[in-house]
Amino acid sequence: MRLKKLIFSSNRKHKKIGKMKNSKRFVKILGVGSYVPEKVVTNDDLSKIVDTSDEWIRARTGIRERRIAASDQTTSDLCVCAARKAMENASIAVDDIDLILTGTITSDVVLPSTSVFIQTKLGLKNIPCLDYNVACSGLQYGIELARSLIESRRYKNILLVCGDKLSAITDWEDRSTCILFGDGAGAIVLSATENEEENSIIDVVLGANGEHSELIILPAGGSREPASEKTVSERKHFMKMSGRDLFREAVKIMGNCAQEILDRNGMSANDMDFVVTHQANWRIIDAVRERLGVSPEKVCVTIEKYGNTSASSCIIALDSLIKNGKIVRGSKVLTVGFGAGLTWGAAILKF
Ligand code: ACO
């Protein structure tokens, strides 16, 4: 009798799960967090190590200062600080996270992934950990990955972290690149919901074009040109960049990608409460803004304080809007990323 009852109740449970399996699952952004290192490096500081000036950097990029990690701080350290804040803001226990996704181009070591270091530092065990490398489109790619894995009912609470210690791969003798970058991390907790009204991910568009892979590249240290005395003396373990070409591509690609996602959802940029683009250069952000026909008040700019922090730049910007009470429940945000690869992506989010 007891057994029969048990089988009956277990069948009922299965029927319920079966029914849920057919219903659509949605993805809610539960919490956002970010972290930047304490050390501030101003344009004047840089003018003491390379031939540049505060005036040139501000006029050409909009950057006033950036944060630089301590020598013993790794990318996973930055990511863990951001992750803890995101989980706190999400009011979720660390143990409830069932997958870690990390977007980074400056992994702690080449092997293994940075995600496993984040896992251990957070005190987690056994849950799957995955790194992906799409540079500054990390938020948009990460959202698409997390969304697919949650909608497929494989995972429930995903910790998406994007972080980079770009100072570790910046050539501090090259004035055309070292003025641009900063260190930082951002994190988002994405969770399953059966309630469509709670859905945070309205749509995502992604793309890539490997034909432009040389426009921003770290040439040595991989299988193509393993580390050697020669590669070190040729400074090939630092980022090399064709600034002007990238500038042109960034404006064109971010503009196209943003317009594509708006068009396919029957929206205009003015339907958004905020537009958050990758923070590579103030002039790029403003050109995309103009192309979308949106007013400057709707466009978040954090580049003057942090420079280009790669994949975390969009999350740091989102977090600043949340902290300042500008993004509230129901706010719609268009985020657009663009990075080495070239890769790009746009996502329309509802908070
Ligand atoms: N200080 C003073 N002069 C400089 C500096 C500097 N830091 N850097 C370059 N210059 C000089 C150049 O030597 C050049 O001098 P010349 O005319 O005598 O040859 C002059 O300034 C103009 O150089 P440009 O490269 O044409 O300057 P531009 O206006 O294009 O600005 C910049 C350069 C800021 C790099 C811009 O091209 C840019 O932002 N590009 C996009 C970068 C980008 O998006 N990168 C990352 C995307 S992917 C990712 O984020 C990982």
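Bear in mind that the values here come from a model prediction, so they are computed numbers and not experimental data. (Residues numbered from 1 in each chain as written. Predicted model: local features only at pLDDT ≥ 70, side-chain atom pairs only at ≥ 80, totals over all residues. Heavy atoms only, no water.)

J.: Report on unusual backbone geometry, specifying residues and quantitative values.
T.: Peptide bonds are trans in most cases, and residues, glycine excluded, mostly fall at negative phi. A cis amide bond, omega 0°, links leucine 111 with the succeeding residue proline 112. In this model, glycine 341 is joined to leucine 342 through a cis peptide bond whose omega is -10°. Examined against the element boundaries, leucine 342 turns out to sit in the loop between β12 (332–339) and β13 (343–350). Of note, alanine 135 is a non-glycine position whose phi angle comes to about 55°, a positive value. Mapped onto the secondary structure, alanine 135 falls in the loop between β5 (129–132) and α6 (138–151). If you check the backbone angles, arginine 235 has positive phi at about 55° while not being a glycine. The class for arginine 235 is partly exposed, based on a relative accessible area of 27%. (Helix = DSSP H or I, 4+ residues; strand = E, 2+ residues; numbered from the N terminus. Buried < 20%, exposed > 50% of the residue type's maximum accessible area, 1.4 Å probe, protein only.)

J.: Residue-level account of the sheet that holds strand β1 (residues 26–35), with values.
T.: Overall, mixed pairing links the 5 strands, which are arranged β1-β7-β6-β4-β5 in an open sheet. Looking at which strands have only one partner, the edges of the open sheet turn out to be β1 and β5. Ignoring which end each strand starts from, the neighbouring axes of this sheet average 20° apart. Strand direction decides the pairing type here: strand β4 (residues 99–103) and β5, joined by 4 bridges, are parallel. Across the sheet, glycine 103 pairs through a bridge with tyrosine 132, a residue of β5. Its contacts with the sheet put helix α5 (residues 114–121) on β4 and β5, and the angle it makes with β4 is roughly 130°. (Pairing = 2+ DSSP bridges. Axes fitted to C-alpha atoms, helices over the stretch in contact; angles between N-to-C directions. Contact = heavy atoms within 4.5 Å.)

J.: Can you tell me about the pairing of β13, naming the residues and giving the values?
T.: Among the 8 residues of β13, 7 are classified as buried, and the element is accordingly described as predominantly covered. Bridging between strand β8 (residues 201–208) and β13 involves 7 bridges; their strand directions are antiparallel. By the bridge assignment for β13, leucine 206 is matched with glycine 345. Sheet topology note: the β12/β13 ladder contains 8 bridges and is antiparallel. Across the sheet, residue valine 333 finds its bridge partner in β13, namely leucine 349.

J.: Tell me about the side chain of threonine 75, residues and numbers included.
T.: Tracing the sequence through the fold places threonine 75 in helix α4 (residues 75–90). The exposure class assigned to threonine 75 is buried, which follows from its relative accessible area of 3%. Among the polar contacts listed, one links the side chain of threonine 75 to the backbone nitrogen of lysine 165, at a separation of 3.3 Å. Those residues in contact with threonine 75, other than ones at most four positions away along the chain, are Thr104, Thr106, Asp108, Thr114, Gly163, Asp164 and Lys165. (Polar contact = N/O pair within 3.5 Å; in protein donor to acceptor, adjacent residues only side chain to side chain.)

J.: Please give an account of the confidence of the model for the chain that cites residues and values.
T.: Looking at the chain as a whole, the pLDDT averages 94, with 94% of positions reaching at least 70. Overall, residues 1–18 carries pLDDT values under 50, and its contacts beyond four positions in sequence, including any with other chains, amount to 0 contacts. (pLDDT = per-residue confidence, 0-100.)

J.: Before we move on, can you summarise the site of the ligand with the specific residues and values?
T.: Close to the ligand lie 24 residues; Thr52, Arg60, Cys136, Arg244 and Asn281 are nearest. The backbone of arginine 175 places a nitrogen or oxygen atom 2.9 Å from a nitrogen atom of the ligand. At a separation of 3.0 Å, an oxygen atom of the ligand approaches a polar side-chain atom of arginine 283. With the chains in place, 78% of the 1,000 Å² that the ligand exposes on its own is no longer accessible. Looking at the shell around the ligand, the elements with two or more residues in it are α3 (54–61), α7 (175–178), α9 (243–264) and α10 (282–292). Tallying contributions element by element places α9 first for the shell around the ligand, with 4 residues. In the shell around the ligand, the residues fall into 11 nonpolar, 8 polar and 5 charged. Residue-level mapping places the shell around the ligand at the junction of two domains, with at least three residues from each of domain 1 (3–198) and domain 2 (201–350). (Near = heavy atom within 4 Å. Areas by Shrake-Rupley, 256 points an atom, 1.4 Å probe, with all protein chains shown as cover. Nonpolar A, V, L, I, M, F, W, Y, C, P; charged D, E, K, R; others polar. Domains from an automatic or database assignment.)

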